[in-house]
Amino acid sequence: MSAWLYSSQPAAHRPPPHACNRQSLHCVPLYDSLGENAIEYIINHSECVVAFVASDKFPGLIKALDKTRGVLKTVVYWGPGSPSAQKAVTDAGYALYSFQELQELGRQHP
C-alpha cells in the first residue's frame, strides 16, 4: 500500500513520509509540474489509500476524487482547510482528517 503527498511547501514534506514509514506504507510525492491529470494517475497507479494534501492543493484533489474511487480511502490535510473543500471530500465518501487530528489519534492509539 502507499500514501500520496501533495504540497508545494517543502517543510510539509517531512512528517508524512516518517508516518508512512512507521506504518510500512510507501510515500509517493506529486509535483505541480506533472500536470492536472497526474493526480488520478498517480493515486490509481500506485494504489494510494491515503492522501496527504496541503489545504491549498484541495481543488486539484477534489477534481480527481471521482476517478480514484475504490483506491483512495482517506484524505489528511494540513493548513486552514476550506469548509467547502472538506465537505466535497466527505460527501464523496472519503474519510477526512486534519493533520492535527491524525496526530491526536496517534497519541491516543500508539
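Summary of the structure given here. Computed from a predicted model, the values in this text were never measured in an experiment. (Residues numbered from 1 in each chain as written. Predicted model: local features only at pLDDT ≥ 70, side-chain atom pairs only at ≥ 80, totals over all residues. Heavy atoms only, no water.)

A word on helix 2 (residues 38-45). Every buried residue belonging to helix 2 is among A38, I39, E40, I42 and I43, and all of these are buried. One or two positions beyond helix 2, positive phi appears at E47, with a value near 55°. (Buried < 20%, exposed > 50% of the residue type's maximum accessible area, 1.4 Å probe, protein only. Helix = DSSP H or I, 4+ residues; strand = E, 2+ residues; numbered from the N terminus.)

The biggest cluster of nonpolar side chains holds 22 residues, and the ones touching the most others in it are I43, F58, L61, L65, L72, V75 and V89. The set of elements that each furnish at least two residues to this core consists of strand 2 (26-30), helix 2, strand 3 (48-54), helix 3 (58-64), strand 4 (74-78) and helix 4 (83-91). Sort the elements by how many residues they give to this core and helix 2 lands first, with four residues. Grouped together as the second largest cluster of nonpolar side chains are eight residues, F52, V76, W78 and F99 included. (Core = buried A, V, L, I, M, F, W, Y, C linked by side-chain atoms within 4.5 Å.)

As a further point, take the pairing of strand 5 (residues 95-98). Only one face of strand 5 is buried, namely the one carrying L96 and S98, since none of A95 and Y97 on the opposite face is buried. A crossover connection joins strand 4 to the parallel strand 5 through helix 4; in handedness this β-α-β unit is right-handed. (Right-handed = clockwise from strand over helix to strand, strands pointing away.)

With that out of the way, let us pick up the packing of aromatic side chains. All told, the structure shown has one aromatic pair when counted by the stated rule. Here F58 and Y77 contribute two aromatic rings whose centre-to-centre distance is 5.5 Å and whose plane-to-plane angle is 50°, an arrangement assigned as tilted. Linking F58 in helix 3 with Y77 in strand 4, this pair joins segments that are 19 residues apart in sequence. (Phe/Tyr/Trp six-rings, centres within 6.5 Å; stacked < 30°, edge-to-face > 60°.)

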